[in-house]
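Each chain, letter by letter, is given below.
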Amino acid sequence: MSNSARQVVVTGLGAVTPLGEDVSSTWAALLAGKSGVCTLSDSWADELPVRIAAPVRSDPAALIPSHQLRRMDRSEQLALIAARQAWQDAGAPEVEPHRLGVSIATTGLGGLGVALDAYDILRTKGWRRLSPFTLPMFMPNGAAAWIGIEFGARAGVHTPASACASGAEAIGYGMHMIRSGRADVVIVGGAEAAIHPLTFAMFAVMRAVSCRNDDPERASRPFDKARDGFVLGEGAGMMVLESAEHAARRGADVLAVAAGVGYSADAYDVAKTAPDGAGSVMAIQQALADADITPEHVVHINAHATSTLVGDAAEAMAISQAIGTAVSGIAVSATKSMTGHLLGGAGAIEAVATICALRDSVAPPTINLEDPDDEIIATGINIAAEPRELRSGPWPAVALSNSYGFGGHNVTLAFMTV
Amino acid sequence: MVMTEHEIFSCLAEIVEQVAGIAAGRVTHEADITDDLDISSLSLVEIIVAAEDKFDVEIPDEALKDLRTVQDFVSYVQRVRRSGVSLSVPGDADAAVAAT
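Just so we're clear, the structure is a prediction, and the values are computed from it rather than from any experiment.

A. A look at the overall build of chain A. Along chain A, the regular secondary structure elements total 14 helices and 15 strands. For a compact globule of 418 residues, the expected C-alpha radius of gyration is about 22 Å, and chain A comes in at 20 Å, within 12% of that figure. Seen through its C-alpha atoms, chain A measures out along the principal axes to roughly 65 × 50 × 40 Å. Within chain A, the proportion of its 418 residues that are buried is 61%. Counting only carbon and sulfur atoms, one obtains 55% of the accessible surface of chain A, whose full area is about 15000 Å².

Here is the structure:
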């Protein structure tokens, strides 16, 4: 898409993560290489092979009144808090309700815990004892709906579902809403709060999670030889997207241009990443084409890199293939090494981190990269194990954020300096 | 335990505040539940469950059509409690409001 059409810009960011209660604390912790992973104290964890996760430490009850809190699933609570931050960061834009949209995913797993708790109540106390808000808490579009109500968004409220690519897909959908002229401002992002025994068990039985229980902070180690699966995290990342005209008209600070989005599907396996990475290559190339930019402009990539054996290697190969010789000049970071994997929230908080990286011209570190996988190094990708200043020179500079999900979904977002 | 009409009213106002976020001070005897207090139908379900546990009574759906004001609720609860016919479901009476 050429830049003369309706350009989309980012004017506000919000985040509630295992590393901090807002964007600035999260970004500072990312740059400092802090891990949000800890050992769970819940007794149910003793029965499972994995007992580590990256929970959000701040309490939503401090920010949402109790009567509203009890009607919301935790993922909805975190989403609402992050959306409020993003809205304030954007300067609480004045926009006609019919020109304001929402595109938010909580669709890694949504309100799974609510449904299971409700089933326990149903069996032990009967149907009349269920909260009448059980269904809205359970439905995957709940977070988007609550946020749409809070901000009075009438242009459309949407919830894409593509497992762990959902957060990125939600941002892409928001970009389309503005480009197509349906909306001037769209609140976009993703959230997940799925630290629950069943989630752990489901991922454990797939052998997808790290079982490094005795060393939680070193468990999430993307691209490292000793990686053994991902670590579950929770939280929310949100942003305010706006048409460039609308942002200029109200004199808003523009943080980045949401320049492009690329999608593809592996059509290979319902869970396993296609080892040739062809789907990821296509998503990256389409994002660049959509942004009308060449690979030489790319200075940073926030990789999906969850710390699984096949996934990390396939992504490294895909980045290398899609970018070509320019790959050596790109600082690749895997922030899941610190936040864990936020499932439906992952693409969103990583997009927030990508924009912060572009703004401050620094790539966050990939912690626990002690012994890089030879096969990954051989692809030629350049992983930032420590914080690294981004290459200066190309203008505009572009940063990509990759997100992939069970089902074979691939999404790449491209952000560009203003 | 015997509760006076005033005690029932105060407890009900407290439940309304906790469950629906409506300041207890706005809950008057004459207030119409839907028109004055703007309590939604789902919120009313939450209030009824909490009230059933608190007052150890059952408030069946059929009874609801006659209960329009706060006083209607208070009188209904008092009448059922006085009649001694407790139709309550088993379970921890005080847990519902606190735990949910």
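From this point, things continue past the structure.
B. Representation of a nonpolar patch on the surface. Residue and element names in this part refer to chain A. Residues Y119, L122 and W127 make up a contiguous nonpolar surface patch of roughly 370 Å² in combined accessible area. For L122, the position within the fold is in helix α4 (residues 112-125). Of the residues examined, L122 reaches a relative accessible area of 37% and is grouped as partly exposed.

C. Region of the structure containing α4(A). Residues and elements named next belong to chain A. Taking 1.5 Å as the rise per residue, α4 with 14 residues should run 20 Å; its terminal C-alpha atoms sit 20 Å apart, in good agreement. For α4, every residue scored as buried is listed here: L112, V114 and A118. Looking down the long axis of α4, one finds its buried residues gathered within 155° of arc, a one-sided arrangement. Exposed and oriented more than 90 degrees from the buried face of α4 are R123 and T124. Each element contacted by the buried residues of α4 is listed here: α5 (134-138) and α8 (197-205). One or two residues past the end of α4 sits G126, with phi positive at roughly 100°.

D. Local environment of the interface of chain A and chain B. Contact residues are listed per partner, giving nine residues for chain A and 18 residues for chain B. When chain A packs against chain B, close to 1200 Å² is buried across both sides, 46% of that on carbon and sulfur atoms. A per-residue breakdown of the area chain A buries against chain B is headed by R70(A), R128(A) and R129(A), which together make up 53% of the total. Along the contact surface separating chain A from chain B lie five salt bridges. Between E46(B) and R71(A) there is a salt bridge, with its nearest N and O atoms 3.0 Å apart. Linking chain A with chain B are eight residue pairs in polar contact (both at pLDDT 80 or more). When the residues that make up the side of chain A that touches chain B are grouped by side-chain class, the tally is two nonpolar, three polar and four charged.

E. A look at the environment of V77(B). Secondary-structure assignment places V77(B) in helix α4 (residues 70-83). Leaving out residues up to four positions away in the same chain, V77(B) has contacts with I8(B), F55(B) and V57(B).

F. Representation of unusual backbone geometry within the structure. Residue and element names in this part refer to chain A. Here the residue pair W395 and P396 is connected by a cis peptide bond, since its omega of -5° sits within 30 degrees of zero. Note on placement: P396 falls in the loop between β13 (388-389) and β14 (398-405). Phi angles above zero are rare outside glycine, and F223 is one such case at about 70°. Here F223 shows up in the loop between α8 and β7 (235-243). Positive phi, normally seen in glycine, also occurs at L343, with a value near 50°.

G. Highlighting the confidence of the model for chain B. All names here are of chain B. When the pLDDT values of chain B are averaged, the result is 85; 83% of them are 70 or greater. Here residues 86-100 scores under 50 on pLDDT; set against residues more than four positions off or in separate chains, the count is 16 contacts. Across the interfaces of the predicted complex, the ipTM metric reaches 0.75, alongside a pTM of 0.92.

H. Representation of the nonpolar core within the structure. Residue and element names in this part refer to chain A. Core analysis: the biggest nonpolar cluster contains 44 residues, and M239, L241 and F415 have the highest contact counts within it. In this view, M239 contacts V10, G12, L13, A86, I171, V186, I187, V188, A351, V352, I355 and F415; residues no more than four positions away in its chain are not counted. Within the second largest apolar cluster, 36 residues are counted, among which are A259, V332, A334 and L400.

I. Local environment of the side chain of N410(A). All names here are of chain A. You can see N410 is positioned in strand β15 (residues 409-416). Judged by relative accessible area, N410 falls into the buried class, the value being 3%. Setting aside residues up to four positions removed in sequence, N410 forms contacts with G262, Y263, S264, A265, D266, G279, S280, A283, S403 and Y404.

J. Highlighting the pairing of β14(A). All names here are of chain A. Burial analysis of β14 places eight of its eight residues in the buried class, which makes it a mostly covered element. Of the two faces of β14, both are covered, the one formed by V398, L400, N402 and Y404 as well as the one formed by A399, S401, S403 and G405. Across four bridges, the pairing between strand β9 (residues 298-302) and β14 is parallel. Looking across to β14, one finds that N302 is bridged to S401. The sheet contact formed by β14 and β15 spans eight bridges and is antiparallel. What sits directly across from S401, in β15, is L413. The hairpin turn running from β14 into β15, its antiparallel successor, is three residues long, and G407 in that turn takes a positive phi close to 110°.

K. Molecular detail of the packing of helix α3 (residues 74-89) of chain A against helix α6 (residues 142-151) of chain A. All names here are of chain A. α6 packs onto α3 with a crossing angle of 40° between their chain directions and a minimal axis gap of 9 Å. Relative to α6, the element α3 is oriented oblique. Between α3 and α6 the crossing geometry is right-handed. Across the interface between the two elements, E76, A79, L80, A83, R84 and W87 of α3 pack against G142, A143, W146, I147, E150 and F151 of α6.

L. Fine view of the pattern of salt bridges. Residue and element names in this part refer to chain B. For the structure shown, the criterion picks out 25 salt bridges over all chains. Close ionic contact of R68 with D35 constitutes a salt bridge, the shortest N to O distance being 3.5 Å. In this pair, R68 is assigned in the loop between α3 (61-64) and α4 and D35 in the loop between α1 (5-20) and α2 (41-55), connecting sequence segments 33 residues apart. On the basis of relative accessible area, R68 is assigned to the partly exposed category, the value being 42%. Classification of D35 as exposed rests on a relative accessible area of 58%.

What counts as what
- Residues numbered from 1 in each chain as written.
- Chains lettered and ligands numbered in written order.
- Predicted model: local features only at pLDDT ≥ 70, side-chain atom pairs only at ≥ 80, totals over all residues.
- Heavy atoms only, no water.
- Helix = DSSP H or I, 4+ residues; strand = E, 2+ residues; numbered from the N terminus.
- Rg over C-alpha atoms; globule rule 2.2 N^0.38 Å.
- Buried < 20%, exposed > 50% of the residue type's maximum accessible area, 1.4 Å probe, protein only.
- Areas by Shrake-Rupley, 256 points an atom, 1.4 Å probe, with all protein chains shown as cover.
- Patch = residues over 30% accessible without salt bridge, like charges linked within 9 Å, V, L, I, M, F, W, Y side chains within 5 Å.
- Salt bridge = Lys/Arg side-chain N within 4 Å of Asp/Glu carboxyl O.
- Expected span 1.5 Å × (residues − 1).
- Arc of directions from axis to C-beta.
- Contact = heavy atoms within 4.5 Å.
- Buried area = accessible area lost by both parts, 1.4 Å probe.
- Polar contact = N/O pair within 3.5 Å; in protein donor to acceptor, adjacent residues only side chain to side chain.
- Nonpolar A, V, L, I, M, F, W, Y, C, P; charged D, E, K, R; others polar.
- pLDDT = per-residue confidence, 0-100.
- Core = buried A, V, L, I, M, F, W, Y, C linked by side-chain atoms within 4.5 Å.
- Pairing = 2+ DSSP bridges.
- Axes fitted to C-alpha atoms, helices over the stretch in contact; angles between N-to-C directions.
- Parallel < 35°, antiparallel > 145°, perpendicular 65-115°, else oblique.
- Left-handed = near helix turned anticlockwise from the far one by under 90°.

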